[in-house]
Each structure stands twice: as structure tokens, then as C-alpha cells.
Amino acid sequence: MPNNEVTIDTSTAVWTWTFSPGNITIKNNGTIKLKRANGSQWTFVSAQLCAGSTNDGQFTFKTPGNNIIDIDDTCTTAGTWHYNVTATLASGLNAGTQTSPDPDIVNAPGSTGGV
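Rules of the game
Residues numbered from 1 in each chain as written. Predicted model: local features only at pLDDT ≥ 70, side-chain atom pairs only at ≥ 80, totals over all residues. Heavy atoms only, no water. Pairing = 2+ DSSP bridges. Helix = DSSP H or I, 4+ residues; strand = E, 2+ residues; numbered from the N terminus. Axes fitted to C-alpha atoms, helices over the stretch in contact; angles between N-to-C directions. Phe/Tyr/Trp six-rings, centres within 6.5 Å; stacked < 30°, edge-to-face > 60°. Buried < 20%, exposed > 50% of the residue type's maximum accessible area, 1.4 Å probe, protein only.

Peer 1: How should the sheet that holds strand β7 (residues 68–73) be read in this particular structure?
Peer 2: Taken in spatial order, the five strands line up as β2-β1-β4-β7-β6 in an open sheet, and their pairing is mixed. With one partner strand each, in any of the chains shown, β2 (16–20) and β6 (59–65) form the two edges of the open sheet. Within this sheet the neighbouring strands show an average axis-to-axis angle of 20 degrees, counted without direction. Pairing geometry for strand β4 (residues 30–36) and β7, over six bridges, is antiparallel. Counted as the bridge partner of L34 is I69 from β7.

Peer 1: What should I look at first to understand the packing of aromatic side chains in this one?
Peer 2: Geometrically, a pair of aromatic rings is defined through the distance of the ring centres and the angle of the planes. Inspection of the entire model under this criterion finds four aromatic pairs. Centroid distance W17 to F19: 6.2 Å. Interplanar angle 10 degrees. Geometry classified as stacked. With relative accessibility at 13%, the residue F19 sits in the buried group. Here a set of aromatic residues connected by ring pairs shows up, and it is made of W17, F19 and Y83.

Peer 1: Before we go on, may I ask you to explain unusual backbone geometry in this structure?
Peer 2: The phi angle of most residues is negative, glycine excepted, and most peptide bonds adopt the trans form. Backbone torsion omega between S20 and P21 reads 25 degrees, so that peptide bond is classified as cis. Within the secondary structure, P21 sits in the loop between β2 and β3 (24–26).

Peer 1: In this structure, what is going on with the environment of G52? I would like to understand it.
Peer 2: Along the chain, G52 turns up in the loop between β5 (43–49) and β6. Classification of G52 as exposed rests on a relative accessible area of 82%.

Structure below.
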């Protein structure tokens, strides 16, 4: 399953988030891993589907540590789901907790391309 590295520029009051490779297309069930970029000072708090993206039981979000978030995806229904991630910066000029813009998980069971 795909790994998605997350970097956050916390040097400004409103943090800049980067998800690499970005939106993820899934064609089989499995776990998507969001990994904190090496050397990051911030930590993960949580992840969840955004309002309007109904969780029909396909997704389970876990934060097993402050460096990684696992998104279990059963990939049973085709569609696009928006999710967001919350992180915290314990100290520094822009210390606090902020939530990301919403990247997408695109479920395409049985299709070609994607993971």
C-alpha cells in the first residue's frame, strides 16, 4: 500500500502542508501510511474524513505514534473521500495545533492504475 510523506512548513502563522505523492488512488483493500518527514518538529494528532465524506465503514484511522498515521481502507465502494490531518507543534514562534487542507483518497476497486 502507498506511503504518503507529510511535510509542514510551520514558519508562518498558517502552516503550509505538503502530501507527497498527494491524492491516492486505491484499487484493493489495505493500509495507507502517512509518515512524518524526517527531522520534523511537529507531531501527528489525528486524521479523519471531512464533513460531507461519509464513512460507510471503509475507513479506520489510527495514530500508532506521533510519526505515523495508518488509514485502513477496505476499498469496497468506488468514490472519492476527503480527509484531513491534525498536527501539533509543541514550541516555537508558531506553536499550536492546526488541521490540514483535505487531500483525497480515491477508491477504484478492480480498476487499473493506482495501488
